[in-house]
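Structure assessment
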Amino acid sequence: MNDYSNKLVTIERQISEQQDMFPEATGEFSRLLRDLTLALRIIARDVRRAGLNDILGYTQTTNIHGESVKKLDEFANDIIFRAMDHGGHLCVMASEESDGLITIPNEYKKGRYVLAFDPLDGSSNIDVNITIGTIFSVYRRLEPNEITDGNAADLLQPGFKQVCAGYALYGSSTQLVYTTGHGVDVFTFDPTIGEFLLSHSQVRIPKRGKIYSVNEGNYHSWAPELQHVNYLKLPSSDGQRPYSSRYIGTAIADIHRTLFYGGIFMYPSDTKSPNGKLRLIYEVNPLAAIIEEAGGRASNGIGSVLELQPESIHQRVPVFMGSEDDVNDLEMFLRGEHPAQKDGSV
Ligand code: FBP
């Protein structure tokens, strides 16, 4: 089990220490993360008071996905925009809740970075006080010396190009989980001092788990190869199976549990959603960066999602992520090559 960090390290200190690792660093990236964590603190504050501050329920609008927009979604979207538009480190943003690109207002300097975010993941759980969160992903713009507005190409970069990825989890405590390619660290928010403190450093996912996480309500619209789930339920002589089923319905929360306990989280394609449900840029790539940096795997069923070349900013992809051995098994099932398929036990 990952050890608790007993060093008192704030997120600001961690960011500046990481900056010192790059002599050529200008501090622009550190300021970007500083401003982003401010937005996450404000969203966390209002999520904690949701139900008291008339922020639950729906707005009158629907988003580009045809989904009714939740008030908290809109609030979080607005807070991130207002925290990030004027710092001079971004050239363009994109949000799961906004139709097109979010441009930086003309009066502000354009920077070298690009921010993609899902302001509130788990919208179906907002009104019933179940864990929700914010997902973020940062890239360098394609033309580093440009001072103009960024464009779609700056966003449509493969996931392995992310310079930073992470999420904030608004659960029993508020936690910030992120990577800049130097391991995965978890900071827990201490409201008594208003600081994110390092609580778990260099988190590693178990090589294999005993939990699978998927919306089995879609079972009958899945491809037959996904008998894989039946395999996980079959008792095995070594006691490794059956796996337990856990599904919160907030990708961040299901991924956070998978990061610590291992196993596999899946949102496959099905006859209703031929490309799955989760969005490549706002949800899949940042979560995949965390899982793969922690030693796990994130696959679209064929290979790493981080290698995929995005085609559109709201593109969806099927995803299977978690412990290396569990995702390898899944891919073997999808290729029809798993021993359990060959010996007919599944
Ligand atoms: P939102 O970003 O709109 O919340 O959608 C994503 C999501 O809520 C994921 O967090 C979650 O894994 C999935 O949708 C749940 O979908 P379903 O209800 O179909 O299982």
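Further up the page is the structure itself.
To start, this report covers the structure provided alongside it. Predicted model only: the values in this text are computed from it and were never measured. (Residues numbered from 1 in each chain as written. Predicted model: local features only at pLDDT ≥ 70, side-chain atom pairs only at ≥ 80, totals over all residues. Heavy atoms only, no water.)

1. Digging into the site of the ligand
- Taken together, 16 residues surround the ligand, and among them D121, G122, Y247, A251 and Y267 come closest.
- Note that an oxygen atom of the ligand is positioned 2.8 Å from one of the side-chain N or O atoms of N215.
- A distance of 2.6 Å separates an oxygen atom of the ligand from a polar atom in the side chain of Y267.
- The protein chains hide 89% of the 470 Å² of surface that the ligand would expose on its own.
- Looking at side-chain class alone, the shell around the ligand contains 5 nonpolar, 5 polar and 6 charged residues. (Near = heavy atom within 4 Å. Polar contact = N/O pair within 3.5 Å; in protein donor to acceptor, adjacent residues only side chain to side chain. Areas by Shrake-Rupley, 256 points an atom, 1.4 Å probe, with all protein chains shown as cover. Nonpolar A, V, L, I, M, F, W, Y, C, P; charged D, E, K, R; others polar.)

2. A word on the sheet that holds strand β13 (residues 264–267)
- Read across the open sheet, the 5 strands follow the order β12-β11-β13-β15-β14; overall the sheet is mixed. The sheet terminates laterally at β12 (244–245) and β14 (297–299), the two strands that pair on one side only.
- Inspection of the sheet shows β14 paired to strand β15 (residues 319–322) by 3 bridges, in the antiparallel sense. Across the sheet, the residue bridging to S299 is F320, located in β15.
- Contacts between helix α6 (residues 251–261) and the sheet are confined to β11 (211–213), β13 and β15, with β13 contributing the most and set at about 155 degrees to the helix.
- Against the sheet, helix α7 (residues 280–293) contacts β14 and β15, and its axis sits at roughly 30 degrees relative to β15. (Pairing = 2+ DSSP bridges. Helix = DSSP H or I, 4+ residues; strand = E, 2+ residues; numbered from the N terminus. Contact = heavy atoms within 4.5 Å. Axes fitted to C-alpha atoms, helices over the stretch in contact; angles between N-to-C directions.)

3. Observations concerning the packing of α6 against α7
- Running from N to C, α6 and α7 cross one another at 5 degrees; their axes reach a closest spacing of 11 Å. Accordingly, the angle class assigned to the pair α6 and α7 is roughly parallel. Contacts from A251, I255 and L259 in α6 reach L287, I290 and I291 in α7.
- Here the contact of α6 with α7 is built from residues that sort into 6 nonpolar, no polar and no charged. (Parallel < 35°, antiparallel > 145°, perpendicular 65-115°, else oblique.)

4. A closer look at the sheet that holds strand β4 (residues 102–103)
- Taking strand neighbours across the sheet as the criterion, the 8 strands line up as β4-β3-β5-β6-β7-β8-β9-β10 in an open arrangement whose pairing is mixed. Each edge of the sheet is formed by a strand with only one pairing partner; in this case those strands are β4 and β10 (195–200).
- As paired strands, strand β6 (residues 132–140) and strand β7 (residues 164–170) are joined by 7 bridges and run antiparallel to one another. When the bridges of β7 are listed, G133 appears paired with L169.
- Against the sheet, helix α1 (residues 11–20) engages β8 (174–179), β9 (184–190) and β10, with an angle of about 5 degrees to β8.
- Taken strand by strand, α6 contacts β5 (113–121), β6, β7, β8, β9 and β10, and its axis lies near 105 degrees from that of β7.

5. Some words on the packing of aromatic side chains
- Under the criterion given, the structure shown has 5 aromatic pairs.
- Between F29 and Y113, the aromatic rings sit 5.6 Å apart at their centres with planes inclined by 45 degrees, giving tilted as the arrangement. One end of the pair, F29, is in helix α2 (residues 28–48); the other, Y113, is in strand β5, and 84 residues separate them in sequence.
- Exposure remark for F29: the relative accessible area of 19% places this residue in the buried category. (Phe/Tyr/Trp six-rings, centres within 6.5 Å; stacked < 30°, edge-to-face > 60°. Buried < 20%, exposed > 50% of the residue type's maximum accessible area, 1.4 Å probe, protein only.)

6. Describing the pattern of salt bridges
- Enumeration over the complete set of coordinates arrives at 16 salt bridges.
- One salt bridge in this structure joins D254 and R257, with 3.0 Å as the shortest N-O distance. Taken together, the positions of D254 and R257, both in helix α6 and 3 residues apart, correspond to about one turn of that helix.
- For R257, a relative accessible area of 14% corresponds to the buried category.
- Between E337 and R335 there is a salt bridge; the shortest N-O distance is 2.9 Å.
- Exposure remark for E337: the relative accessible area of 37% places this residue in the partly exposed category. (Salt bridge = Lys/Arg side-chain N within 4 Å of Asp/Glu carboxyl O.)

7. So, the nonpolar core
- Within the largest apolar cluster, 41 residues are counted, with the highest numbers of intra-cluster contacts made by M84, L115 and Y170.
- For this core, the element with the highest residue contribution is α2, accounting for 9 residues.
- Not counting residues up to four positions away in its chain, the partners in contact with L115 are L36, I80, M84, L90, V92, M93, A94, F136, S137, V138 and L155.
- In this structure, L169, V184, I255 and Y267 belong to the second largest nonpolar core, which totals 30 residues. (Core = buried A, V, L, I, M, F, W, Y, C linked by side-chain atoms within 4.5 Å.)

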